[in-house]
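# Overview (structure and organization)
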There are 2 protein chains.
Amino acid sequence: MTTTTDRILNFSAGPATLPEPVLEQARTDIWNVRESGIGICEHSHRGPVFDEVLAEAVADCRAVGQIPEEFDILFLQGGATMQFAMVPMNFLPEGATANYVNTGVWTSKAQKEAMKLGNVHVAYEGEADKFDHCPKQDELECAPDAAYLHYCSNNTIYGTQFNHTLSDSGRIVCDMSSDIFSKPIDWNAFDMIYAGAQKNLGPSGTVLVIARKDMLETCPTHLPSMLNYNAIAKKGSRLNTPPAFGIYLMGQVFKWILSEGGVTAMHERNTRKASCIYEALEANSHCYTIFAKEGSRSLMNISFTTNEDVKNEMFLKEAASQGMSGLKGHRDLGGIRASIYNAFPEEGCKRFAEFLNTFAQSH
Amino acid sequence: MTTTTDRILNFSAGPATLPEPVLEQARTDIWNVRESGIGICEHSHRGPVFDEVLAEAVADCRAVGQIPEEFDILFLQGGATMQFAMVPMNFLPEGATANYVNTGVWTSKAQKEAMKLGNVHVAYEGEADKFDHCPKQDELECAPDAAYLHYCSNNTIYGTQFNHTLSDSGRIVCDMSSDIFSKPIDWNAFDMIYAGAQKNLGPSGTVLVIARKDMLETCPTHLPSMLNYNAIAKKGSRLNTPPAFGIYLMGQVFKWILSEGGVTAMHERNTRKASCIYEALEANSHCYTIFAKEGSRSLMNISFTTNEDVKNEMFLKEAASQGMSGLKGHRDLGGIRASIYNAFPEEGCKRFAEFLNTFAQSH
């Protein structure tokens, strides 16, 4: 086993830090997985070893997410951005309308892609508030009889997160790329969720889609196979050669979450992790301003600023000198952002909180 | 360094064996790449480390393929199957026709996807000959003024390979998934080529697309971003989070090809590798029948049969007992198939040729 001393604290918003036991296992398996004499990237996707890897990934995903049987679990490609197009292609029939909740850059992109393909109604526009919070149900103005309502559960750029669910008369589709499996999911409140892997689940290049089976059955048959959820579901994510390494690594992350006590334990730890950082920011409010409004503060991404560009730069430089990387805020918002997904260590959050205190006292 | 003794001979048609020096490097880099303290799957796709990885992958790809400047190099997702749809979406305008050359299962699938999206003319249909060869130019009956002609340079299932190029009045699009960079490419004969990574290039989940820049400029703007080659080209394959590990590993494979002497050296070695197997098969023609006709025999996939199902089974079982895996023929053809892409060792081909002799003599 390698010691962890050659690795630094990686606050990247995604691709993001992965659990070290998962990486250790991958180092073995990329050379020779399950003592097959063949590495995980080199096995036929229809052979017995990958059969097991895929079946375990699906079963462990179901166990982690406590996903009811009426939902199918799919592994796709193309990131959340491909989902922005596939959702309307599959679920927005001609003449119908979809409600979109705009809480930031990523939901605007989802909206823009959907507008190429059908009628979009903006049920909530957060731009005037600079996307500083997630709307309550009564802030929405939904079009009636919409095919679906689309929203995003956690906005990485602004550090805002829903701590409630939204409802509508149609289907509910949610982009959970940045907080999936960081806490329990109320499956009654969703018909389909999707998540790019590279934040809470694994490497970039794989997307997890979880959707009601009866919804998948409504996908139009005229679509190209790779853009038809139902065609892929019928083939158990093996309509063509799937992204085998990504599925394997996500499977290892699922096993790691289970070994750590599951999503409830993740949520408790994530709450402790974020709290110690928010507390340090608030205790030094003369130095730091948190971007997100109270009530919408994310446990995954903490966006803040020292209110001075020069001071922000100094902060990033001093943090880097202490082995803390990836803290620069998104180019659309500026400032500082600490992304602390499931795999980010609690000890690292404590170290960061101490650094916040020290920096505020000395500047 | 790990010894190679715990790995077996992997004849899988794809995902397929990768160069061992590449896997060794990946075992380091998945934990901590370029001494950054962060693994290759965990780096921001917009950070300086991945900037380098991507820039080197593009430059090394250009060097390996001797790709002229008028071509763009793109890394996409979704396998060749997504390309089957993206090619007509981007390059088959309404009312236009595309010529398709059908040399097997994969080209029929490409045809079928294109037929959902526009007019397809089958310029060659190989089914009557059971796809036992690749047609010469004069076997084609092309529709005039077609937007493009689509063909596949190597057919993995039947073990057939073009050793000439095809021409037409429109653009030429070629699926090179199973023989890319196994030999030099005459770029005058192509406008766009694509290849799923999992045979000659790297792990599944990444697709290499090489296309003329002036062709990319004709992509229709109404397409969803992730389905628009030009939108992705403009962003240098980073329209969204790309499949970072796949691009990294392909980059390592490119470096390996260069270190081995480039595609000309690959071609010489691949010729020696395939020849020793074909010679053993022909020397024992009482026992084996090669599927592909002379003149179309692939250097990448060698499909043959003992002409008896029971004997084929025995062959596979005895081969497995000697550490030779992945030799079962595709379900559509049956029999035996040895896939010996670039990374498959020459020594392994010699061992297999010996096994062919021994088996034929003893059965």
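Fair warning: this is a prediction, and the values are worked out from it, not measured in the lab.

What counts and what doesn't
Residues numbered from 1 in each chain as written. Chains lettered and ligands numbered in written order. Predicted model: local features only at pLDDT ≥ 70, side-chain atom pairs only at ≥ 80, totals over all residues. Heavy atoms only, no water. Least-squares fit on C-alpha atoms with pLDDT ≥ 70 in both. Contact = heavy atoms within 4.5 Å. Domains from an automatic or database assignment. Buried area = accessible area lost by both parts, 1.4 Å probe. Polar contact = N/O pair within 3.5 Å; in protein donor to acceptor, adjacent residues only side chain to side chain. Helix = DSSP H or I, 4+ residues; strand = E, 2+ residues; numbered from the N terminus. Nonpolar A, V, L, I, M, F, W, Y, C, P; charged D, E, K, R; others polar. Axes fitted to C-alpha atoms, helices over the stretch in contact; angles between N-to-C directions. Parallel < 35°, antiparallel > 145°, perpendicular 65-115°, else oblique. Pairing = 2+ DSSP bridges. Salt bridge = Lys/Arg side-chain N within 4 Å of Asp/Glu carboxyl O. Phe/Tyr/Trp six-rings, centres within 6.5 Å; stacked < 30°, edge-to-face > 60°. Buried < 20%, exposed > 50% of the residue type's maximum accessible area, 1.4 Å probe, protein only. Left-handed = near helix turned anticlockwise from the far one by under 90°.

Here the focus is the relation of the copies chain A and chain B. Between chain A and chain B, which share one sequence, the superposing operator has a rotation angle of 180 degrees and an axial displacement of 0.0 Å; the RMSD is 0.0 Å. Look at the turn and shift together and you get a two-fold axis relating the two. In terms of C-alpha distance to the rotation axis, chain A has A:R27 as its closest residue, with the C-alpha 2.4 Å off the axis. Most of the interface of chain A is mirrored in chain B, where 100% of its interface residues again form contacts.

All names here are of chain A. Once the domains are mapped, chain A shows domain 1 (23-259) and domain 2 (261-362). Relative placement of domain 1 and domain 2: their C-alpha centres are 27 Å apart. Contacts between the two partners involve 29 residues from domain 1 and, on the opposite side, 27 residues from domain 2. Across the domain 1 to domain 2 interface the summed buried area is about 2,200 Å²; carbon plus sulfur atoms make up 54%. Run the count over domain 1 and domain 2 and you get 17 residue pairs in polar contact (both at pLDDT 80 or more). Where the side of domain 1 that touches domain 2 is concerned, the elements lending two or more residues are β7 (160-161) and α7 (244-259). Partitioned by chemical class, the residues of the side of domain 1 that touches domain 2 number 12 nonpolar, 12 polar and five charged.

Residues and elements named next belong to chain B. The contact between helix α8 (residues 262-283) and helix α10 (residues 346-362) brings their axes to 8 Å, and the two run at 5 degrees. Classed by the angle they form, the pair α8 and α10 counts as roughly parallel. Contacts between α8 and α10 pair R269, R272, K273, C276, I277, A280 and L281 from the former with E346, C349, K350, F352, A353, L356 and N357 from the latter. Taken together, the residues of the contact of α8 with α10 break down into eight nonpolar, one polar and five charged.

Right, let's talk about the sheet that holds strand β12 (residues 301-305) of chain A for a bit. Residues and elements named next belong to chain A. Read from one edge of the open sheet, three strands run β11-β12-β14, paired in antiparallel fashion. Edge positions in the sheet fall to β11 (289-290) and β14 (336-339), since each of these pairs with one other strand and no more. Where β12 lies against β14, four bridges are found, and the strand directions are antiparallel. Along β14, the bridge assignment pairs N301 with S339. Packed onto the sheet, helix α8 (residues 262-283) meets β11 and β12 and runs at close to 10 degrees relative to β12.

Taken together, the contact pairs 62 residues of chain A with 62 residues of chain B. Of all residues in chain A, the largest losses of buried area upon contact with chain B belong to A:R27, A:W31 and A:E42, amounting jointly to 18% of the total for that side. Across the pair B:R7 and A:E42 runs a salt bridge, and its minimum N-O distance is 2.8 Å. Linking chain A with chain B are 33 residue pairs in polar contact (both at pLDDT 80 or more), by the criterion used here. Breaking the side of chain A that touches chain B down by element, the ones donating at least two residues are α1 (20-29), α3 (79-91) and α7 of chain A. Classifying every residue of the side of chain A that touches chain B by side-chain character gives 25 nonpolar, 27 polar and 10 charged.

All names here are of chain B. Ordered by their spatial adjacency, seven strands build an open sheet running β2-β10-β9-β8-β5-β3-β4, and the pairing between neighbours is mixed. Looking at the sheet topology across the chains shown, the edges are occupied by β2 (71-76) and β4 (119-125). On average, each strand axis in the sheet is inclined to that of its neighbour by 20 degrees, with strand direction left out of account. In terms of strand pairing, β2 meets strand β10 (residues 207-212) through six bridges, oriented antiparallel. Paired with F71 across the strands is R212, a residue of β10. Packing against the sheet, helix α2 (residues 48-65) makes contact with β2 and β10, and its axis sits at approximately 130 degrees to β2.

Here we take up the packing of aromatic side chains. Following the criterion strictly, the structure yields 41 aromatic pairs over all chains and no others. When the centroid spacing of 6.2 Å and the interplanar angle of 40 degrees are considered together, the rings of A:Y158 and A:F291 count as tilted. Here A:F291 lies in the loop between β11 and β12 and A:Y158 lies in the loop between β6 (154-155) and β7, a separation of 133 residues in the sequence. According to the relative accessible area criterion, A:Y158 is buried, its value standing at 4%. With centroids separated by 6.2 Å and ring planes inclined at 25 degrees, the aromatic side chains of B:Y151 and B:F190 adopt a geometry described as stacked.

Turning our eyes to something else, we now look at the side chain of A:E113. Tracing the chain through its elements places A:E113 in helix α4 (residues 105-115). In this structure the side chain of A:E113 is engaged in a polar contact, spanning 2.4 Å, whose partner is the side chain of B:S225. Those residues within four positions of A:E113 in sequence are excluded, and the remaining contacts are A:F84, A:A85, B:P224 and B:S225.

All names here are of chain A. In this fold, R269 is placed in helix α8. The exposure class of R269 is buried, given its relative accessible area of 19%. In contact with R269, other than residues within four places in its own chain, are W256, E260, N342 and E346.

With that out of the way, let us pick up the packing of α2(B) against helix α7 (residues 244-259) of chain B. Residue and element names in this part refer to chain B. Where α2 meets α7, the closest approach of the two axes is 8 Å, and the angle between their N-to-C directions is 40 degrees. In terms of orientation, α2 and α7 fall into the oblique class. Crossing geometry of α2 relative to α7 is assigned as left-handed. Contact residues: α2 offers F50, V53, L54, E56, A57, D60, C61, A63 and V64, while α7 offers A244, I247, Y248, G251, F254, K255, I257 and L258. Classifying every residue of the contact of α2 with α7 by side-chain character gives 13 nonpolar, one polar and three charged.

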